[in-house]
Amino acid sequence: MEMSSRRKFLTACLGTLGIAGLGAALYPLFRYLAPSKGAGIKQKMTFQMSDVPEGGAKYFELNGTAAVLVKPKGGTVVAFSAVCTHLGCIVQWQKGQDQFLCPCHGGQFSAQGTVLGGPPPKPLEKLPLVVQGTTITIG
Ligand code: FES
């Protein structure tokens, strides 16, 4: 094999290996970013008013994410994503104080989801909720 054809052969081999390597490196990134099967299907949850005591909270999972239904004292039911808007910990309902506390960095949210203190940059995400009689539908 002549020197220039050997060089062309080696260049072609390295190019092929480079493309294969790039594909192997990008595939996990693609799988991570691509929506999983079932994504986009919106789940709905139904509760009865009696499922949530006055001043209490009921945690559940909606579309694979932690969510919470609260009934503040003297108020009406509200549903939120229970994921803290700071770094994603699950906020805890503080019965008796009518507010949420994030155990990770002390973020505090009101019963309406607004930030009362700590590092969270924005309110808890409210979830759509419909009350018909004594039935609560979320999602
Ligand atoms: S994750 Fe909630 S305050 Fe940091």
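In this numbering scheme, every chain counts its residues from 1 along its sequence in written order. pLDDT decides what is reported in this predicted model: residues at 70 or higher carry local features, side-chain atom pairs at 80 or more are listed and counted, and totals for whole chains, interfaces and linings draw on all residues regardless. In computing side-chain values, all of the structure's heavy atoms are included and hydrogens and water are not.

**Thoughts on the state of the cysteines**
Convention followed: Here, two cysteine sulfur atoms that lie within 2.5 Å of each other are counted as a disulfide. Only DSSP runs of H or I with at least four residues qualify as helices, and only runs of E with at least two residues qualify as strands; both kinds are numbered from the N terminus onward. Using a 1.4 Å probe on the protein chains alone, a residue whose accessible area is under 20% of its type maximum counts as buried, one over 50% counts as exposed, and one in between counts as partly exposed.
A full pass over the atoms with the stated rule returns 1 disulfide. Note that Cys89 is cross-linked by a disulfide to Cys104, the S-S spacing being 1.8 Å. One disulfide, between Cys89 and Cys104, carries an S-S torsion of -95° and so falls in the left-handed class. Of this pair, Cys89 sits in the loop between β4 (78-81) and β5 (92-94) while Cys104 sits in the loop between β6 (99-101) and β7 (108-110), and the two are 15 residues apart along the sequence. Look at Cys89 and you get buried, because its relative accessible area is 19%. Since its relative accessible area comes to 38%, Cys104 is described here as partly exposed.

Fair warning: the whole summary comes from geometry, so function is off the table for now.
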